[in-house]
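Examining the three-dimensional arrangement
Residue strings, one per chain:
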Amino acid sequence: MPFSAPTDIIRLVPGSPLPANNAKVRRRFMIRLFTDTSANLSLETVRKLALTVVPFSYSVNGAEATPEVLADFDGKAFYDAMRSGAVVKTAMIGIGTFLDAFRPVLEAGDDILYVAMSGGISGTYNAAMLAANELLESFPERRIAVIDTYAASLGEGLLVLKAAELLRAGKFLDETV
């Protein structure tokens, strides 16, 4: 397995696996890499690697926010509020958010790799799995891999960076997960 950290990989691959070494049969599909704001990757890194970041909703002292784009999330202010004793809460990403994020990618004919925050501390991983299962009914020719990193923050972010490195090196989805 390419990742050095332990992962619980559930690959949702319709049909039989693709042959490993037959370039005529194995067509390289575009693979879109997704993660969530828990990965704490800089906006510069997200842009450089063409990542799609699905945002968590959060509140600070009761004021709710859901960043529309990563640039709207002020990580420094968020963590400063935590350190200063503010009541900070996050909400899992719902299945509808994943459906909205994944569907256009599948419609464009691309596959998806979503590197998720730990399923042990958030229901987000499970929501992504439910969305993937639902979407594969409509897009049986596409592939979606959802990875539970058993991590958050830097631990998750490092796995996203490794996945991006493998994909940029031309690895297939099954070689990356």
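Attention here is on the structure that accompanies the text. What you see is a predicted model, and the numbers here were worked out from it, not measured in a lab.

Procedures and definitions
Residues numbered from 1 in each chain as written. Predicted model: local features only at pLDDT ≥ 70, side-chain atom pairs only at ≥ 80, totals over all residues. Heavy atoms only, no water. Helix = DSSP H or I, 4+ residues; strand = E, 2+ residues; numbered from the N terminus. Expected span 1.5 Å × (residues − 1). Buried < 20%, exposed > 50% of the residue type's maximum accessible area, 1.4 Å probe, protein only. Contact = heavy atoms within 4.5 Å. Pairing = 2+ DSSP bridges. Axes fitted to C-alpha atoms, helices over the stretch in contact; angles between N-to-C directions.

Time to look at helix 5 (residues 154-168). Its 15 residues place the ends of helix 5 21 Å apart at the C-alpha level, agreeing with the 21 Å of an ideal helix rising 1.5 Å per residue. Turning to helix 5, its buried residues number three or more, namely Glu-156, Gly-157, Leu-159, Val-160, Ala-163, Ala-164, Leu-166 and Leu-167. Buried residues in helix 5 make contact with strand 2 (31-36), strand 7 (111-116) and helix 6 (173-176).

It is worth spelling out unusual backbone geometry at this point. Of note in this structure, Ala-50 is not a glycine but carries a positive phi near 55°. Judged by relative accessible area, Ala-50 falls into the exposed class, the value being 52%. A positive phi angle, close to 50°, is found at Asn-61, a residue other than glycine.

Spatially, 3 strands are ordered 5-4-6 in an open sheet, and the strand pairing comes out antiparallel. In this open sheet, the two strands that pair with only one neighbour each are strand 5 (63-65) and strand 6 (88-91). The average angle at which neighbouring strand axes cross in this sheet is 20°, direction not considered. For strand 4 (residues 57-60) and strand 5, the ladder comprises 3 bridges, and the chain directions are antiparallel. Following the sheet pairing, Ser-59 is matched in strand 5 by Glu-64. The sheet strands contacting helix 2 (residues 75-83) are strand 4 and strand 6, and the helix crosses strand 6 at an angle near 130°.

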